[in-house]
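Coordinate inspection notes
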Amino acid sequence: MIDIKSMTLEELREDMNVLGEKSFRAKQLYEWMHKKLAESFDEMTNISGALKEKCAGRYEYTNLKCIRVQESSIDGTKKFLFELADGNVVESVWMQYKHGNSVCISSQVGCRMGCAFCASTLDGLVRNLTPSEMLDQIYAITRLTKERVSNVVVMGTGEPLDNYENLLRFIRLLTDEEGLHISQRNITVSTCGIVPKMRRLADQKLQITLALSLHASSDDKRKELMPIANKYSIQELMEACSYYFDQTGRRITFEYSLVGGVNDSDEDAGRLIRLIRPLNCHVNLIPVNPIKERDFVQSDTDSITAFKNKLEKNQINVTIRREMGRDIDGACGQLRRRHIEQSLQ
Ligand code: SAH
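All chains use their own residue numbering, which begins from 1 and follows the written sequence. Side-chain atom pairs in this predicted model are given and counted only at pLDDT of 80 or more, local residue features only at pLDDT of at least 70, and totals for whole chains, interfaces and linings cover all residues. Note that the side-chain values use all heavy atoms of the structure and ignore hydrogens as well as water.

1. Here's the deal with the pattern of salt bridges
The condition that has to hold: In the sections that follow, a salt bridge refers to a side-chain nitrogen of Lys or Arg positioned within 4 Å of a carboxyl oxygen of Asp or Glu. Think of it this way: any DSSP run of H or I at least four residues long counts as a helix, any run of E at least two long counts as a strand, and we number them from the N terminus. Only protein chains enter the accessibility calculation, which uses a 1.4 Å probe; a residue is then buried when its area is under 20% of its type maximum, exposed when over 50%, and partly exposed in between.
A complete count under the given rule lists 19 salt bridges for this structure. Of the charged contacts, one joins Glu21 and Lys54 as a salt bridge, the two residues approaching to 2.8 Å between their closest N and O atoms. In this pair, Glu21 sits in the loop between helix 1 (9-18) and helix 2 (24-34) while Lys54 sits in helix 3 (residues 49-58), placing the two residues 33 residues apart along the sequence. Residue classification places Glu21 among the buried residues on the basis of a relative accessible area of 18%.

What follows is the structure, encoded as structure tokens:
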């Protein structure tokens, strides 16, 4: 079976020829899938019964089953737990901002990067998500909230650059003018820093934002938090970031989760400044979201403010990430993990 929702319009046109169908059928099918967000072939009223049957025999039509929604009473953030066709579950988050609605999607079932503070990686990687399964998270949320999604961040469970080909195809389909037509500038891809893939992505010259999860300003500290640091040094990362900016003209976002007593000192901030000052960048400070499996604690408010002020004094753009959905297992992978734990009991 061919995964029809992962096909480009061009590929679908060619496949209609294989089926002996007129190529304009491809556009009709594509619109149903990617514009009208149909949940099955049955909904496609201008497609004949005969073609629907052919399609059902040749294509797999992915669709997510929403099995749980949690809504934050603090900020309206909604967290969705979706079941995939094979029974695996992924989570996605819907956030409302002044400038529009943003969806945070997962790119893999689980993750193999092993970051010490992250709940998504505790059970390792199960499998990559297909382009259609990444799109489906956005499509399902659009249907459920009945609101337009304007921004997409690939910051949920998984390492997007560890699923590189599917990620690129997903971006192509999401930004296609025959689909939801989300602007590349409204898409952010967050990576733990797989250097060769960052460079390959730069060569694509897309206008998406690349966010790098830095979390430490020395290799030794970064290694304590992120196993990937054993493979690529901070120096190599900075060179890759600067290459990304040169190729795309897009400012890099650095994510820095503040962990109490680990990476939040004045010295840490000083080293960070020296590292990133040469780059055109923005820093997102995230108070670490403690997970019960690890004993990391959040930095206290004074340290967070001091860290931020020091960066600002050195002309570095910085924001403290608002903690959306803290009351609903907002941290990566927590909801999925809790669901799995409960179903095993
Ligand atoms: N694998 C990608 C994207 C998913 S994680 C990456 O590493 O960037 C999205 C962001 O959330 C990353 O910056 C990650 O380091 C951070 N993160 C994960 N768990 C967290 C936690 N418990 N508290 C704060 N930030 C966390």
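2. What about the nonpolar core?
The cut-off we apply is this: Nonpolar cores were defined as sets of buried Ala, Val, Leu, Ile, Met, Phe, Trp, Tyr and Cys residues, with membership established by side-chain atoms within 4.5 Å. Any two residues whose heavy atoms approach within 4.5 Å are treated as being in contact.
In terms of nonpolar packing, the biggest core is built from 96 residues, with Leu12, Ile138, Phe170 and Phe254 touching the most fellow members. Broken down by element, this core gets its largest block of residues, 7 residues, from helix 5 (residues 164-175). Apart from residues no more than four positions distant in its own chain, Phe170 is found in contact with Ile105, Pro131, Met134, Leu135, Ile138, Val152 and Val154. Membership of the second largest hydrophobic core comes to 6 residues, among which are Val93, Met95, Met155 and Ala211.

3. Here we look at helix 8 (residues 234-248)
Quick note on the threshold: A helix is expected to span 1.5 Å multiplied by its residue count minus one. To be clear, the arc concerns the directions from the helix axis to the C-beta atoms.
Between its first and last C-alpha atoms helix 8 spans 21 Å; for 15 residues at 1.5 Å apiece the expected length is 21 Å, and the two agree. Residues Ile234, Leu237, Met238, Ala240, Cys241, Tyr244 and Thr248 constitute the buried set of helix 8. For helix 8, the angular spread of buried residues about the axis comes to 160°, placing them on one side. Contact partners of the buried residues in helix 8: helix 6 (195-203), strand 11 (209-213), helix 7 (219-225), strand 12 (252-258) and helix 9 (266-276). Immediately beyond the C-terminal end of helix 8, within one or two residues, lies Gly249, with a positive phi of roughly 75°.

4. Considerations on the site of the ligand
Short version of the rule: One heavy atom suffices: a residue is near a molecule or strand as soon as one of its heavy atoms comes within 4 Å of it. Under the rule applied, a polar contact is a pair of N or O atoms within 3.5 Å (in protein, one hydrogen donor and one hydrogen acceptor; residues adjacent in sequence only if both atoms are side-chain atoms). The protein chains shown are the only cover counted for residues, whose accessible areas, like all others here, come from Shrake-Rupley with a 1.4 Å probe.
Surrounding the ligand, one finds 17 residues, the nearest of these being Glu159, Ser190, Ser213, His215 and Asn289. Contact distances for the ligand include 3.0 Å between a nitrogen atom and a backbone N or O atom of Phe117. Taking Ser213, its side chain carries an N or O atom lying 2.5 Å from an oxygen atom of the ligand. Against a free-state accessible area of 530 Å², the protein chains account for coverage of 94% of the ligand. Elements supplying a minimum of two residues to the shell around the ligand: strand 10 (187-191) and strand 12.

5. A look at helix 10 (residues 301-313)
Taking 1.5 Å of rise per residue, 13 residues should cover 18 Å, and helix 10 covers 18 Å from first to last C-alpha, within 8% of that figure. Regarding helix 10, the residues found buried are Ser303, Ile304, Phe307 and Leu311. For helix 10, the angular spread of the buried residues around the axis is 105°, confining them to a single face. Summarising the geometry of helix 10, the exposed residues directed more than 90 degrees from the buried face are Thr301, Asp302 and Lys313. Taken from the residues just after helix 10, Gln315 is the one with a positive phi, measuring 60°.

6. Things to note about the layout of surface pockets
Where empty space is left can be seen by rolling a probe of water-molecule size over the atoms. The condition that has to hold: Cavity: a set of points on a 1 Å grid over the protein atoms alone where a 1.4 Å probe fits but cannot get out. Pocket: an open set with protein on both sides within 12 Å along at least five of seven lines, its lining residues, like those of a cavity, having an atom within 4 Å of a point. Grid points are joined across faces, edges and corners, and a volume is the space filled by probe spheres set on the points. Any residue that is not Ala, Val, Leu, Ile, Met, Phe, Trp, Tyr, Cys, Pro, Asp, Glu, Lys or Arg is counted as polar, Gly included; the first ten are nonpolar and the last four charged.
Taken as a whole, the second largest pocket spans an internal volume of roughly 150 Å³. Every residue along the wall of the second largest pocket is listed here: Arg112, Met113, Asp162, Ile194, Pro196, Lys197, Pro227, Ile228, Lys231 and Tyr232. Tallied by class, residues from the lining of the second largest pocket come to 6 nonpolar, no polar and 4 charged.

7. Let's talk about the environment of Thr157
Relative to the helices and strands, Thr157 is located in the loop between strand 9 (151-154) and helix 5. For Thr157 and Gln108, which are 49 residues apart along the polypeptide, the C-alpha to C-alpha distance reads 6.2 Å.

8. Side note on the sheet that holds strand 3 (residues 65-71)
Our working definition: DSSP calls a pair of strands paired once it identifies at least 2 bridges connecting them. Only the contacting stretch of a helix is used when fitting its axis, a line to C-alpha atoms as for every element, and angles between N-to-C directions run 0 to 180 degrees.
Reading across from one edge, 3-4-5-6-9-10-11-12-13-14 is the order of the 10 strands in this open sheet, with mixed pairing throughout. Taken across any chain shown, the strands that pair with only one partner, and hence form the sheet edges, are strand 3 and strand 14 (317-320). Each neighbouring strand pair of the sheet contributes to a mean axis angle of 20°, computed without reference to strand direction. Pairing analysis gives 4 bridges linking strand 13 (residues 281-287) to strand 14, with the strands arranged parallel. Bridge pairing in strand 14 links Val283 to Val318. Where helix 4 (residues 131-145) meets the sheet, it contacts strand 3, strand 4 (78-83), strand 5 (89-97), strand 6 (100-104) and strand 9, and its direction lies at approximately 125° from that of strand 4. Against the sheet, helix 8 contacts strand 11 and strand 12, and its axis sits at roughly 145° relative to strand 12.

9. Re the side chain of Ser213
Inspection of the secondary structure assignment puts Ser213 in strand 11. Ser213 gets classed as buried once you look at its relative accessible area, which sits at 10%.

10. Describing the packing of helix 6 against helix 8
Going by this rule: When describing relative orientation, an angle under 35 degrees is termed roughly parallel and one over 145 degrees roughly antiparallel, while 65 to 115 degrees is termed roughly perpendicular and anything else oblique.
Relative orientation of the contacting elements helix 6 and helix 8 amounts to 5°, with a least axis distance of 8 Å. Between helix 6 and helix 8, the crossing angle belongs to the class labelled roughly parallel. Between helix 6 and helix 8, the residues in contact are Val195, Met198, Arg199, Leu201, Ala202 and Asp203 and Glu236, Leu237, Glu239, Ala240, Cys241, Tyr243, Tyr244, Gln247 and Thr248, respectively. The class makeup of the residues in the contact of helix 6 with helix 8 is 9 nonpolar, 2 polar and 4 charged.

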